[in-house]
Amino acid sequence: MRDEIINTLINQLQEINFKGTLAPHMYGETLAHPQIVEITDKVTKAGIKLVIYTNADYLTQELMDKLRAAGLYKLSISKHSKNLSKTSMEVLRGLFDKISDYKHLKIMDICKQINGKDIEIDGLIFKIVDFYTDFNTNKEMLHNRGGELDLELKKNSRPVGCSYVLYPVIDVEGNIVLCCNDYKGKHILGNVMERHIYDIWTDPNNVWLRNKIYRGSLDLQICQECVL
């Protein structure tokens with residue numbers, strides 16, 4: 001995402017006094033962004049809580065220190081392999097050593113114990129989600145990205161209360177797309193470089209569409225093919 005779009009988005013969020021969370025990612029690896037520390041600093045200074053979702057491959061102690069100094073609010077690690085990278089394990093060791101109950105436990109044992117839970121460590125909210133184990137066992141967290149992936153999964157019966165439409169998802173061009181599963185941007189609600197994010201999100205047509213999906217009226221193909 002270009003600096004111009006990032007700055008515009010932050011300014012718009014400040015204008016509506018937004019104090020919630022912002023997670024700068026959409027399918028890419030957040031820590032691979034060369035300006036992730038600067039982005040964290042900008043977002044935090046705007047009074048917004050920065051959340052990073054990462055596979056932790058690029059996580060080092062140096063980067064962690066910079067992110068925390070910049071105001072990182074939450075770090076959520078998505079574990080997609082049997083083991084985490086060596087450098088990320090070192091970072092986690094340093095974090096867990098701050099908690100007496102975890103100090104003498106192995107990193108992977110701790111990860112199993114806290115899997116899927118938010119825990120607070122020295123002012124940082126931390127979470128790890130073990131997708132690897134889930135994939136190799138019951139596959140409860142595996143889904144088909146709105147029908148984009150050809151997977152043999154059990155189709156849920158017309159879900160009610162789809163949480164994916166409850167928050168705005170913005171792609172690299174500034175488009176607010178239907179949800180995080182709209183990988184190809186087939187359903188664009190608006191662009192923050194053309195309209196204010198508040199105006200897009202509260203547009204009666206967009207509110208009507210989101211409410212319809214939330215209630216389980218799935219007319220769009222992406223919704224009909226989605227396996228949650």
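All residue numbers refer to position in the chain's written sequence, counted from 1. A pLDDT threshold of at least 70 governs which residues receive local features in this predicted model, and a stricter bar of 80 or more applies before side-chain atom pairs are shown or counted, although totals over entire chains, interfaces and linings include all residues. Side-chain measures were taken over the full set of non-hydrogen atoms in the model, leaving aside hydrogen atoms and water.

*Asks:* How would you explain helix α2 (residues 36-45) if you had to name every residue and give the values?
*Replies:* Along α2, the residues classified as buried are Ile36, Ile39, Thr40 and Val43. Around the axis of α2, the buried residues are gathered within 100 degrees of arc, so they sit on the same side. The secondary structure elements touched by the buried residues of α2 are α1 (3-15), β1 (21-22), β2 (49-54) and α3 (61-69). Here a helix means four or more residues in a row that DSSP labels H or I, a strand means two or more in a row labelled E, and each is numbered from the N terminus. Just past α2, the residue glycine 47 takes up positive phi, approximately 85 degrees. Three exposure classes are used, based on accessible area relative to the maximum for each residue type with a 1.4 Å probe and protein chains only: buried under 20%, partly exposed in between, and exposed over 50%. To be clear, the arc concerns the directions from the helix axis to the C-beta atoms. Any two residues having at least one pair of non-hydrogen atoms within 4.5 Å are treated as being in contact.

*Asks:* Describe the pairing of strand β5 (residues 124-130), with residues and values.
*Replies:* Buried residues dominate β5, accounting for six of its seven residues. As paired elements, strand β3 (residues 74-79) and β5 share six bridges and run parallel to each other. Bridge assignment links serine 78 to a residue of β5, and that residue is valine 129. At least two bridges found by DSSP between two strands are what make those strands a pair. The pairing of strand β4 (residues 119-121) with β5 spans three bridges and is antiparallel. Bridging across to β5, isoleucine 119 finds its partner in phenylalanine 126. The antiparallel hairpin formed by β4 and β5 contains two residues in its connecting segment, where aspartate 122 sits at a positive phi of about 55 degrees.

*Asks:* If you had to explain the packing of aromatic side chains to someone new, which residues and values would you point to?
*Replies:* The way to describe two aromatic rings as a pair is by their centre distance and the angle between their planes. Stacked, tilted and edge-to-face pairs are distinguished by plane angle, under 30 degrees for stacked and over 60 for edge-to-face with tilted covering the rest, among Phe, Tyr and Trp rings (Trp via its six-membered ring) whose centres lie within 6.5 Å. All told, the structure shown has three aromatic pairs when counted by the stated rule. Centre to centre, the rings of phenylalanine 96 and tyrosine 102 are 5.9 Å apart; their planes meet at 85 degrees, and the pair counts as edge-to-face. Neither residue differs from the other here; phenylalanine 96 and tyrosine 102 are each classed as buried. With centroids separated by 5.7 Å and ring planes inclined at 85 degrees, the aromatic side chains of phenylalanine 96 and phenylalanine 126 adopt a geometry described as edge-to-face. In this pair, phenylalanine 96 sits in helix α4 (residues 86-96) while phenylalanine 126 sits in strand β5, placing the two residues 30 residues apart along the sequence. Among the residues examined, phenylalanine 126 registers a relative accessible area of 0% and is labelled buried. Site record: aromatic cluster; members linked through ring pairs are Phe96, Tyr102 and Phe126. Only when the NZ atom of a Lys or the CZ atom of an Arg is both within 6 Å of the ring centre and within 35 degrees of the ring normal do we say a charge sits over the ring. Lying across the ring of phenylalanine 135, lysine 139 places its NZ or CZ 4.7 Å from the centre. Lying over the aromatic face of tryptophan 201, arginine 210 brings its terminal NZ or CZ to 3.6 Å of the ring centre.

In short, shape yes, function no, at least from these values alone.
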